[in-house]
Amino acid sequence: MEYTQLGRTGLKVSRLVLGTMNFGPQTDEAGSHAIMDAALDAGINFFDTANVYGWGENKGRTESIIGNWFAQGGERREKVVLATKGYANMGPDGEAWPNHDKLSAVNIRRAVDASLRRLRTDHIDLYQFHHIDRSTPFEEIWQAIDVLVQQGKILYAGSSNFPGYKIAQANETAARRGSYGLVSEQCLYNLFERRAEMEVIPAARDYGLGVIPWSPLHGGLLGGVIRKEATGGRRTGGRAADVLKDPAVRAQIQAYEDLLAKHGLEPGETALAWLLTRPGVTGPIVGPRTAEQLESALRAVRLELSEDVLAGLEEIFPGPGPSPEAFAW
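This is a predicted model, so every value here is computed, not measured. (Residues numbered from 1 in each chain as written. Predicted model: local features only at pLDDT ≥ 70, side-chain atom pairs only at ≥ 80, totals over all residues. Heavy atoms only, no water.)

Section: the overall build of the protein chain
A count of helices and strands for the protein chain gives 13 helices and 10 strands. Relative to its length of 329 residues, the protein chain is compact, with a C-alpha radius of gyration of 20 Å against a globular reference of 20 Å. For the C-alpha atoms alone, the extent of the protein chain along its principal axes is close to 55 × 55 × 40 Å. The distance from the centre of the 35 positive side-chain charges to the centre of the 41 negative ones in the protein chain is 3 Å. (Helix = DSSP H or I, 4+ residues; strand = E, 2+ residues; numbered from the N terminus. Rg over C-alpha atoms; globule rule 2.2 N^0.38 Å. Lys, Arg positive; Asp, Glu negative; His and termini not counted. Charge placed at Lys NZ, Arg CZ, Asp CG, Glu CD.)

In structure tokens form, the structure reads like this:
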């Protein structure tokens, strides 16, 4: 496994991030524990979750699965850089109560304490804001975070799904307060969806944030979806199924799969390896449902893409270009 520092921090994290969103909804507790053991054995030390994972009536279930894994001992907690998120209302669906969601100081404190209980730990290494809160000023957010840092309950703060201007606002406010500010941004970024290159990634790099791409295969679209359809593989669903309805997109994905077949490369592994070449990227989040999917993701770290392959990928999936040139002269 390769390691890098998370943004401007001294924290060393693996180039792959273990995403846990499938733990509970897709993979049972025993299977989830096996995947976490295998990830740790392979050198993955960066685990990402969120308080809302488990979804619906099972919100918080994923954090509980991780907490039960930590409780098995063997220095599991000590070896892991633990990242979770807060923002969503954690009450039963349809029974939202005021101040039980978003980023008020009240809810940040409540959400962190609840996550700590489920995760069965005394601290969270990276606490991430799952979305922007248009109603809460950053002065209040940083006041709450600074108290939690002083209490030792969290060490670093990060963002998720923030636009570039909110990254700037957050860290300029932090600087005025003498707070450390955001150290990471978790955003939708992959070969097919490259809009983050316009402003989010430049802002993250300028402010010293590590970029953590989520959905690196765009919901399976970049994982050999057309080939799997042809061979009777797993049925396409979600984001991939929606965009494949467009004939132009299907032609684009066919060209992608043809290029990789020519070079003897696996689509999913190539999509991950491409992200690892991108400036500012700490590591993509991989969310395996099975041990076999984890093995495939691990191969991406060792995969070196030739200049011919990189040029072909750029031709098939051209980026938007830098801002403001992408939308101005």
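The discussion continues.
With respect to the sheet that holds strand 4 (residues 46-48)
Hydrogen bonds between backbone groups are what pair the strands of a sheet, and the pairing can be parallel or antiparallel. Pairing is parallel in the open sheet, where eight strands are placed in the order 9-8-7-6-5-4-3-10. Both edges of this open sheet fall to strand 9 (210-214) and strand 10 (285-286), since each of them pairs with a single strand only. (Pairing = 2+ DSSP bridges.)

Here's the deal with helix 10 (residues 247-262)
Taking 1.5 Å as the rise per residue, helix 10 with 16 residues should run 22 Å; its terminal C-alpha atoms sit 22 Å apart, in good agreement. Turning to helix 10, its buried residues number three or more, namely Val249, Ile253, Tyr256, Glu257, Leu259 and Leu260. One side of helix 10 carries all its buried residues, which in axial view fall inside an arc of 155°. Turned more than 90 degrees away from the buried face of helix 10 sit Pro247, Ala248, Ala261 and Lys262, all of them exposed. Those residues of helix 10 that are buried lie in contact with helix 8 (225-230), helix 9 (238-244), helix 11 (267-276) and helix 13 (307-316). Between a side-chain oxygen at the N-terminus of helix 10 and the backbone nitrogen of Ala248 the separation is 2.9 Å; the capping residue is Asp246. Two residues or fewer past helix 10, Gly264 is found with a positive phi of approximately 70°. (Expected span 1.5 Å × (residues − 1). Buried < 20%, exposed > 50% of the residue type's maximum accessible area, 1.4 Å probe, protein only. Arc of directions from axis to C-beta. Contact = heavy atoms within 4.5 Å. Polar contact = N/O pair within 3.5 Å; in protein donor to acceptor, adjacent residues only side chain to side chain.)

Describing the pairing of strand 7 (residues 154-160)
Counting buried positions over the seven residues of strand 7 gives six, a clear majority of the element. Looking at chain direction, strand 6 (residues 124-129) and strand 7 are connected through five bridges and run parallel. Within the sheet, the bridge partner assigned to Leu126 lies in strand 7 and is Tyr156. In the classification by handedness, the crossover that spans strand 6, the intervening helix 5 (residues 138-150) and the parallel strand 7 is right-handed. Relative to strand 8 (residues 182-188), strand 7 runs parallel, the two being bridged by three bridges. In the sheet register, Ala157 faces strand 8, and the bridge partner there is Leu182. For the crossover from strand 7 across helix 6 (residues 164-177) to strand 8, the handedness is right-handed. (Right-handed = clockwise from strand over helix to strand, strands pointing away.)

Digging into the packing of aromatic side chains
If you walk through the whole model with that rule in mind, you get eight aromatic pairs. Ring-pair connections join several aromatic residues into one group, and the members of that group are Phe47, Trp69 and Phe70. Across from the ring centre of Tyr180, 4.5 Å away, lies the NZ or CZ of Arg8, which sits over that ring. Cation over ring: Arg77 sits above Phe70, and NZ or CZ is 5.4 Å from the ring centre. (Phe/Tyr/Trp six-rings, centres within 6.5 Å; stacked < 30°, edge-to-face > 60°. Lys NZ or Arg CZ within 6 Å of the ring centre and 35° of its normal.)

Honestly, it's all geometry; don't read function into it.
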